[in-house]
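Take a look at the letters that make up each chain.
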Amino acid sequence: MMRISGKDISLKIKDEIKEEIEKIKVHYPRVPQLAVILVGDNQASQTYVRNKERGCQYVGMDSLVIRHEESFTEEQLLAEIEMLNQNDQVDGILVQLPLPRHICEDRVLEAIDPSKDVDGFHPANVARLFLGQHSLVPCTPKGMMVLLDQIGYDLTGKEVVVVGRSHIVGKPVALLCLQSNATVTIAHSHTENLKEVCQRADVLIAAVGKAKMINSDYVKDGAVVLDVGINRDDNNKLCGDVDYEDVKDKVYAITPVPGGIGPMTITMLLKNTLEAFYNHMK
Ligand code: NAP
């Protein structure tokens, strides 16, 4: 069994980005800059934003973290995004989700200049991904594709089953697998015979949000399992959607939780910011 360490692979990629930033310092007037907006005091969001800031620092990118009280209005937020859209020192704009209830997420995400949409959530980027055109791709799905690439796994002709159909994970990763010539099934809470559907998978992607739901009954011998879930088990220990201990002897390769997909997500955010920078410098 191969344990796919997203932690190690993401560190390797971050070091490559770091080297690239050193070259950018020589050849360009400035380094890439990521702006992150956080509204409210959601604890998990605070941690995510801190980690994004640390990621930027590690590779030598500029980061601008803007924090607002919960009472910040949608109008104020839209005005701030417009200022960042106009600011040619800023390459990436990320609004940390979830937003307080009085702010419409869709309106906010649509206000971001698609060329600065490093989360890949703007409808223009979603449409490009759908059409198979070059776009800024959501970070978690992009991280999964990089992991498969890093272990030398070719998706051509393979059966992929994605459990979960969210806009941020399930749907985009399914499209990316399709682009890589896999045969893709997207399963969800209404899927009948989920076990049998999952048993077909050469690559099983679990993006459900249910602790250890996928056990060895769902997994084909020799499958690759990518576990996106971040959950707490009965002992309040961090765990994925996959019961790692139960499936590990059956699979060809698997991502652990923690240390699998999670670390890749921030690294892909840095990659997207770098990509946006090069586009802005053209
Ligand atoms: P989400 O928006 O809640 O979507 C969950 C999906 O799972 C839905 O499509 C839902 O189906 C499906 N589902 C729920 N129960 C099911 C069941 N019993 N059988 C089959 N399908 C079922 O979640 P998400 O945002 O995609 O996130 C999924 C997990 O990944 C969460 O644990 C989240 O914390 C984690 N995550 C991790 C990262 C990372 O960086 N590692 C990034 C994002 C998310 P319906 O559509 O029918 O309701």
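Peer 1: I keep staring at the overall build of the protein and nothing clicks. Help me out?
Peer 2: The helix and strand inventory of the protein stands at 10 helices and 11 strands. Viewed in the frame of its principal axes, the protein has a C-alpha envelope of about 50 × 45 × 40 Å. Counting only residues that meet the buried cut, the protein has 50% of its 282 residues in that class. Across the protein, every contact between residues at least 6 apart in sequence was considered, and the portion connecting residues at least 24 apart equals 69%. Total accessible area on the protein is roughly 13,700 Å²; 48% of this is exposed by carbon and sulfur atoms. The positive charge centre, built from 31 side chains, and the negative charge centre, built from 40, are 3 Å apart in the protein.

Peer 1: Whenever I open this one, the sheet that holds strand β4 (residues 92-95) confuses me. Can you help?
Peer 2: Strand pairing in a sheet relies on backbone hydrogen bonds, with the paired strands running either antiparallel or parallel. Strands sit in the order β3-β2-β4 across an open sheet of three strands; the sheet is parallel. Each edge of the sheet is formed by a strand with only one pairing partner; in this case those strands are β3 (62-68) and β4. Between one strand axis and the next, the sheet turns by 15° as a mean value, whatever way the strands run.

Peer 1: Would you take a moment to explain the domain arrangement of the protein for this structure?
Peer 2: The extent of an interface is frequently quoted as the accessible surface area lost upon association of the parts. Split by domain assignment, the protein resolves into domain 1 (29-113) and domain 2 (139-261). Taking only C-alpha atoms into account, the centre of domain 1 sits 29 Å from that of domain 2.

Peer 1: Sorry, what's going on with the side chain of Glu275 here?
Peer 2: Position of Glu275 among the secondary structure elements: in helix α10 (residues 261-281). Overall, Glu275 belongs to the buried group, its relative accessible area being 17%. Once residues lying within four places of it in the same chain are set aside, the contact partners of Glu275 are His134, Ser135, Leu136 and Lys142.

Peer 1: Sorry, what's going on with the pairing of strand β7 (residues 203-206) here?
Peer 2: Consecutive residues of a regular strand have side chains that alternate between opposite faces of the sheet. A two-sided burial pattern is seen for β7, the buried positions comprising Val203 and Ile205 on one face and Leu204 and Ala206 on the other. Alignment of strand β5 (residues 159-163) against β7, held across four bridges, turns out to be parallel. Residue Val162 lies in a different strand from β7, and its bridge partner there is Ile205. Direction of pairing for β7 relative to strand β8 (residues 224-227): parallel, over a ladder of four bridges. Bridge pairing links Val203 to Val224 in β8.

Peer 1: What exactly am I supposed to notice about the packing of aromatic side chains here?
Peer 2: Describing an aromatic ring pair means giving the distance of the ring centres and the angle of the ring planes. Inspection of the entire model under this criterion finds three aromatic pairs. Judged by centre distance (5.3 Å) and plane angle (65°), the ring pair of Tyr28 and Phe277 falls under edge-to-face. Remark: Phe277 occurs in helix α10 and Tyr28 occurs in the loop between α1 (6-27) and β2 (33-39); sequence separation between them is 249 residues. Using a relative accessible area of 30% as the deciding quantity, one classes Tyr28 as partly exposed. On the numbers, 5.5 Å between centres and 65° between planes, the contact of Phe277 with Tyr278 is edge-to-face.

Reading guide: rules and limits
- Residues numbered from 1 in each chain as written.
- Predicted model: local features only at pLDDT ≥ 70, side-chain atom pairs only at ≥ 80, totals over all residues.
- Heavy atoms only, no water.
- Helix = DSSP H or I, 4+ residues; strand = E, 2+ residues; numbered from the N terminus.
- Buried < 20%, exposed > 50% of the residue type's maximum accessible area, 1.4 Å probe, protein only.
- Contact = heavy atoms within 4.5 Å.
- Areas by Shrake-Rupley, 256 points an atom, 1.4 Å probe, with all protein chains shown as cover.
- Lys, Arg positive; Asp, Glu negative; His and termini not counted.
- Charge placed at Lys NZ, Arg CZ, Asp CG, Glu CD.
- Pairing = 2+ DSSP bridges.
- Axes fitted to C-alpha atoms, helices over the stretch in contact; angles between N-to-C directions.
- Domains from an automatic or database assignment.
- Phe/Tyr/Trp six-rings, centres within 6.5 Å; stacked < 30°, edge-to-face > 60°.

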